[in-house]
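Residue-level structural notes
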Amino acid sequence: MLEMMVVLPVDHEADAEQLEQRFNRLNVELQCSECWGISHQQVVFALGVRRREVFRLGDTLEWAENRSLLGGGRPANGACVVEGRAECRGCGAALSVSLHVSGDRLQRARALGLFGQTGCFQ
Ligand SMILES: [Zn+2]
């Protein structure tokens, strides 16, 4: 599958409270790229309509009409890969998480490395 890599402006300086207000959240089990521990984590990501409820893998995202991807609009074909941010419950590392969307659904999440330092989302 061809996947479009895009960069969404997750603010590196924003505190947790700000992130919660501005971004959506995904509850998912992740393997930490730093300590290799597996734990349930909450990934914060900027995609789709901002909602308070927490998403799970397989959930369908809501898109804002007539908006760019940055504004919460739908990516081409309802598919893209974006960077989310999570914090490992084991070692506390701020993790860069790739979120794979296809068919308008959150399909996959993988911890790639330290947030903002993987070079995958530039
Ligand atoms: Zn860890």
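Residues numbered from 1 in each chain as written. Predicted model: local features only at pLDDT ≥ 70, side-chain atom pairs only at ≥ 80, totals over all residues.

Observations concerning the overall build of the protein chain
In plain terms, the rule: Strands here are runs of E lasting at least two residues and helices are runs of H or I lasting at least four, both read from the DSSP assignment and numbered beginning at the N terminus. Any residue pair is listed as a contact if its two C-beta atoms, each placed from the backbone, are within 7 Å.
Along the backbone of the protein chain there are 1 helix and 6 strands. Starting at the N terminus and ending at the C terminus, the protein chain contains elements arranged as α-β-β-β-β-β-β. Taking the contacts inside the protein chain whose residues are at least 6 apart along the sequence as the reference set, 57% of them involve residues at least 24 apart.

Here's the deal with the nonpolar core
What counts is decided by this rule: Definition of nonpolar core: a set of buried Ala, Val, Leu, Ile, Met, Phe, Trp, Tyr and Cys residues joined via C-beta atoms within 7 Å. To sort residues by exposure, count the other C-beta atoms lying within 10 Å of each residue's C-beta; 20 or more gives buried, 12 or fewer gives exposed, and values between give partly exposed, all with C-beta atoms placed from the backbone.
Counting 21 residues, the largest nonpolar core has L26, V43, F45, V97 and L99 as its most contacted members. Where this core is concerned, the elements lending two or more residues are β1 (24-31), β2 (38-45), β4 (80-87), β5 (94-102) and β6 (105-114). At 4 residues, the largest contribution of residues to this core is made by β5. Not counting residues within four places of it along the chain, the set of residues in contact with F45 comprises F23, N24, L26, V82, G84 and L99.

Digging into the pairing of β2
Cut-off, in case you're wondering: Strand pairing requires that DSSP identify at least two bridges connecting the strands.
The pairing of β1 with β2 spans 8 bridges and is antiparallel. When the bridges of β2 are listed, R25 appears paired with V44. Between β1 and β2, which pair antiparallel in sequence order, lie 6 residues; one of them, W36, sits at a positive phi of approximately 70°.

Considering the environment of A111
Position of A111 among the secondary structure elements: in strand β6. In the structure, A111 is positioned 79 residues away from C32 in sequence and 6.0 Å away in space, judged by C-alpha atoms. Among residues more than four places away in sequence, those in contact with A111 are L30, Q31, C32, S33, A86, L95 and V97.

Section: the pairing of β6
Judged from the 8 bridges that link them, β5 and β6 form a sheet pairing that is antiparallel. Across the sheet, S98 pairs through a bridge with R110, a residue of β6. The hairpin formed by β5 and β6 contains 2 residues between the paired strands, and G103 there has a positive phi angle of roughly 60°.

Here's the deal with unusual backbone geometry
When glycine is set aside, most residues are seen to have a negative phi, and most peptide bonds are trans. Although it is not a glycine, N77 adopts a positive phi angle of roughly 60°. Relative to the helices and strands, N77 resides in the loop between β3 (54-56) and β4. Backbone geometry at D104 places phi at a positive 65°, although glycine is not the residue there. Assignment of secondary structure puts D104 in the loop between β5 and β6.

Digging into the environment of E29
Within the secondary structure, E29 is located in strand β1. Separated by 13 residues in the primary sequence, E29 and Q42 place their C-alpha atoms 8.5 Å from one another. Apart from residues no more than four positions distant in its own chain, E29 is found in contact with I38 and H40.

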